[in-house]
Amino acid sequence: MSIFDAHHMEFSITSGHITIMTDDAVQVPAYWSHPRLGVKFSGIVLIHDWWGVTEDIRQLSNYLAQMGYYVIVPDLFGGQTASTPKQAIRLFDEHQKGAFERVNAALSVLETHSQSNHKVAAIGVGMGGSLAFEAAIKRADLEASIAFSGFPQRYLKQFKQANTPILAFFGSEEP
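Residue positions are given per chain, counting from 1 as you read along its sequence in written order. Where totals are concerned, whole chains, interfaces and linings use all residues; where local detail is concerned, this predicted model gives features only for residues with pLDDT of at least 70, and gives and counts side-chain atom pairs only at 80 or more. Processing note: side-chain calculations cover all non-hydrogen atoms of the structure and skip hydrogens and water entirely.

1. What to know about the packing of helix α3 (residues 99-112) against helix α4 (residues 127-138)
Then, in step 1: At their nearest, the axes of α3 and α4 sit 10 Å apart, and the two run at 65° to each other. In terms of orientation, α3 and α4 fall into the roughly perpendicular class. Read as a crossing pair, α3 and α4 show a hand that is right-handed. Side by side, α3 and α4 meet where A99, F100, V103 and L107 of the first sit next to L131, E134, A135 and K138 of the second. Only the stretch in contact is used when fitting a helix axis, every axis being a line fitted to C-alpha atoms; angles between N-to-C directions are given from 0 to 180 degrees. A run of H or I in DSSP counts as a helix once it spans at least four residues, and a run of E counts as a strand once it spans at least two, with each numbered from the N terminus. Note that the term roughly parallel is reserved for angles under 35 degrees, roughly antiparallel for angles over 145, roughly perpendicular for angles of 65 to 115, and oblique for everything else. By the definition used in this description, the sense in which the near helix is turned from the far one sets the handedness, with an anticlockwise turn below a right angle giving left-handed and a clockwise turn giving right-handed. We call two residues in contact whenever any of their non-hydrogen atoms come within 4.5 Å of each other.

2. Describing the layout of surface pockets
Then, in step 1: Here the largest pocket defines a volume of roughly 240 Å³.
Then, in step 2: The rule is simple: put a 1 Å grid over the protein atoms alone, call a set of points where a 1.4 Å probe fits but cannot get out a cavity, call an open set with protein on both sides within 12 Å along at least five of seven lines a pocket, and count a residue as lining if it has an atom within 4 Å of a point. Taken together, 15 residues form the lining of the largest pocket, with S130, S149, G150, F151 and R154 sitting closest to its centre.
Then, in step 3: For this classification, Asp, Glu, Lys and Arg are treated as charged, while Ala, Val, Leu, Ile, Met, Phe, Trp, Tyr, Cys and Pro are nonpolar and the rest, including Gly, are polar. Along the lines of polarity and charge, the residues of the lining of the largest pocket split into seven nonpolar, five polar and three charged. Grid points are joined across faces, edges and corners, and a volume is the space filled by probe spheres set on the points.

3. Concerning a nonpolar patch on the surface
Then, in step 1: Residues forming no salt bridge and having over 30% relative accessible area are the ones grouped into patches, like charges within 9 Å of each other and nonpolar side chains (Val, Leu, Ile, Met, Phe, Trp, Tyr) within 5 Å. Accessible areas in this description were obtained via Shrake-Rupley with a 1.4 Å probe; residue shielding takes into account the shown protein chains only. Basic side-chain nitrogens of Lys or Arg form a salt bridge, by our definition, when they fall within 4 Å of a carboxyl oxygen of Asp or Glu. Nonpolar side chains collect at one region of the surface, where F148, L167 and F169 lie side by side and expose about 270 Å² of accessible area between them.
Then, in step 2: Note that L167 resides in strand β7 (residues 166-169).

Here it is, written out as structure tokens:
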């Protein structure tokens, strides 16, 4: 991924793996990156595509942290990644139940974290874009929801209920 440029850092960051809990006490592994400064920053829940938490997603998380955000990437596939579409579909099918609850837990962690200014957004890539749409509809307290692809047709009748601004990006070949 070409967006990571180690020579242009706004903030030095700390990153690593954490575990968050859902309201139902389900443990969710997550990747965490944030500025080292002890001041309050806004938070982003970065929702991965059907490939899982890949090196590209970790680099994107780090890049956003360098820009001054606390970032949590909930691992919706429990540490598994896919390298083929067939594997990705299998992981999606196996882990789709409860996916929004895991994203919601990450949003709640950032909203209540001591180093957060309590302003939180959801950013999703591919499959994660769909979950970002769902967050915009179900959560009235988000600053923004941004989807890089996803399946908006699943939510067409629900978008009018959203109180969160939504920004969506799609390629020219996508329907």
